[in-house]
Amino acid sequence: MERTLAIIKPDAVSASRTGKIVAHLEAAGLSIRAIRMLRLTETQARAFYAVHAGRPFFASLVRFMTSGAVIPMVLEGAGAVARLRQVIGATDPAEAAEGTIRKLYAESKERNAIHASDSPETAAREVAFFFPTETLVATSD
Ligand code: CMP
């Protein structure tokens, strides 16, 4: 079993799309192992997206990600990193495949409903960013 991180973004949370997105993830075989709701500070958003610092969209991305509540969650399943990427679709909803979460719920390339870790290495860093080890629920005794 593999773990990855998803974040339901402020556009989807404020539009009350959380339930539909979670149902979509669970139907795709991804189980929630940890979940919380918070509003990111500017410092946290800049740190989380540090890999994009210097990109033209960085300042706007930080503004958007701090504009309202977000819901990070740890998802577990076979090949969870790739599975989640497949289920959410392309960054730009105009390019996302039919039936993907971004095709269904994203507003734009920036306001794109959900974030997903892009590799197992990134997933480990991103899970640790929001969930210290002791907050992760054991899956068996
Ligand atoms: P995410 O998967 O969270 O990773 C980085 C985010 O930056 C991305 O989703 C989008 O929200 C945003 N992003 C990436 N590329 C662009 C772009 N060209 N213009 C605006 N926002 C972008």
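A quick note: this is a predicted structure, and the numbers were derived from the prediction, not measured.

Caption draft 1: A look at the side chain of Thr66. With respect to the helices and strands, the residue Thr66 is situated in the loop between α4 (58-65) and β3 (71-77). By relative accessible area, Thr66 is classed as buried at 18%. At 3.1 Å, the side chain of Thr66 forms a polar contact with the backbone oxygen of Arg63.

Caption draft 2: A look at the site of the ligand. Lys9, Tyr49, His52, Phe57, Leu61, Thr91, Arg102, Lys109, Glu110, Asn112 and His115 make up every residue found near the ligand. One nitrogen or oxygen atom from the main chain of Glu110 is found 2.9 Å from an oxygen atom belonging to the ligand. Burial of the ligand by the protein amounts to 81% of the accessible area it has alone, namely 460 Å². Among the residues making up the shell around the ligand, the classes are represented as three nonpolar, four polar and four charged.

Caption draft 3: Region of the structure containing the side chain of Thr122. In this fold, Thr122 is placed in helix α7 (residues 120-130). Side chain to side chain, Thr122 and Asp118 meet in a polar contact 2.7 Å long. Among the polar contacts made by the side chain of Thr122, one reaches the side chain of Ser119 at a distance of 2.8 Å.

Caption draft 4: Representation of the environment of Arg55. Structurally, Arg55 is set in the loop between α3 (42-48) and α4. Classification of Arg55 as partly exposed rests on a relative accessible area of 42%. Once the C-alpha coordinates of Arg55 and Ser14 are considered, the two residues, 41 residues apart in sequence, prove to be 26 Å apart.

Caption draft 5: Looking closely at the nonpolar core. Ranked by size, the top nonpolar core spans 22 residues in total, and within it Ile8, Ile21, Leu25, Met73, Leu84 and Ile101 carry the most contacts. Looking at this core, the elements that each hand over two or more residues are β1 (2-8), α1 (10-14), α2 (18-27), β3, α5 (80-88), α6 (101-105) and β4 (114-116). No other element matches α5, which puts four residues into this core. Once residues lying within four places of it in the same chain are set aside, the contact partners of Leu84 are Thr4, Leu5, Ala6, Leu25, Leu30, Leu75 and Ala116. In terms of nonpolar packing, the next biggest core, distinct from the first, is built from 18 residues, Leu40, Ala45, Tyr49 and Val70 among them.

Caption draft 6: Representation of the sheet that holds β1 in the model. Reading across the sheet, the four strands line up as β2-β3-β1-β4 and stay open at both edges, with antiparallel pairing between neighbours. Either end of the sheet is taken by a strand with one partner, and the two such strands are β2 (31-35) and β4. Looking at each pair of strands side by side, their axes are set apart by 30° on average, direction ignored. The pairing of β1 with β4 spans three bridges and is antiparallel. Directly across from Ala6, in β4, lies its bridge partner Ala116. Running over the sheet, α2 touches β1, β2, β3 and β4 and is turned about 15° from β3. Lying on the sheet, α5 is in contact with β1, β3 and β4; it crosses β1 at an angle near 30°.

Caption draft 7: Structural detail: the packing of aromatic side chains. Within the structure shown, the criterion is met by four aromatic pairs. Measuring from centroid to centroid gives 5.5 Å for Phe48 and Phe130, while their planes differ by 50°, and the two rings are tilted. Here the residue Phe48 occupies a position in helix α3, and Phe130 occupies one in helix α7, the gap between them amounting to 82 residues. Considering the side-chain rings of Phe129 and Phe130, the 4.9 Å spacing of their centres and the 70° angle between planes classify their relative orientation as edge-to-face. Residue Phe130 is classed as buried on the basis of its relative accessible area, which comes to 4%. Of the aromatic side chains, those joined through ring pairs into one cluster are Phe48, Tyr49, Phe129 and Phe130.

The rules we used
- Residues numbered from 1 in each chain as written.
- Predicted model: local features only at pLDDT ≥ 70, side-chain atom pairs only at ≥ 80, totals over all residues.
- Heavy atoms only, no water.
- Helix = DSSP H or I, 4+ residues; strand = E, 2+ residues; numbered from the N terminus.
- Buried < 20%, exposed > 50% of the residue type's maximum accessible area, 1.4 Å probe, protein only.
- Polar contact = N/O pair within 3.5 Å; in protein donor to acceptor, adjacent residues only side chain to side chain.
- Near = heavy atom within 4 Å.
- Areas by Shrake-Rupley, 256 points an atom, 1.4 Å probe, with all protein chains shown as cover.
- Nonpolar A, V, L, I, M, F, W, Y, C, P; charged D, E, K, R; others polar.
- Core = buried A, V, L, I, M, F, W, Y, C linked by side-chain atoms within 4.5 Å.
- Contact = heavy atoms within 4.5 Å.
- Pairing = 2+ DSSP bridges.
- Axes fitted to C-alpha atoms, helices over the stretch in contact; angles between N-to-C directions.
- Phe/Tyr/Trp six-rings, centres within 6.5 Å; stacked < 30°, edge-to-face > 60°.

Keep in mind these numbers describe shape, not what the thing actually does.
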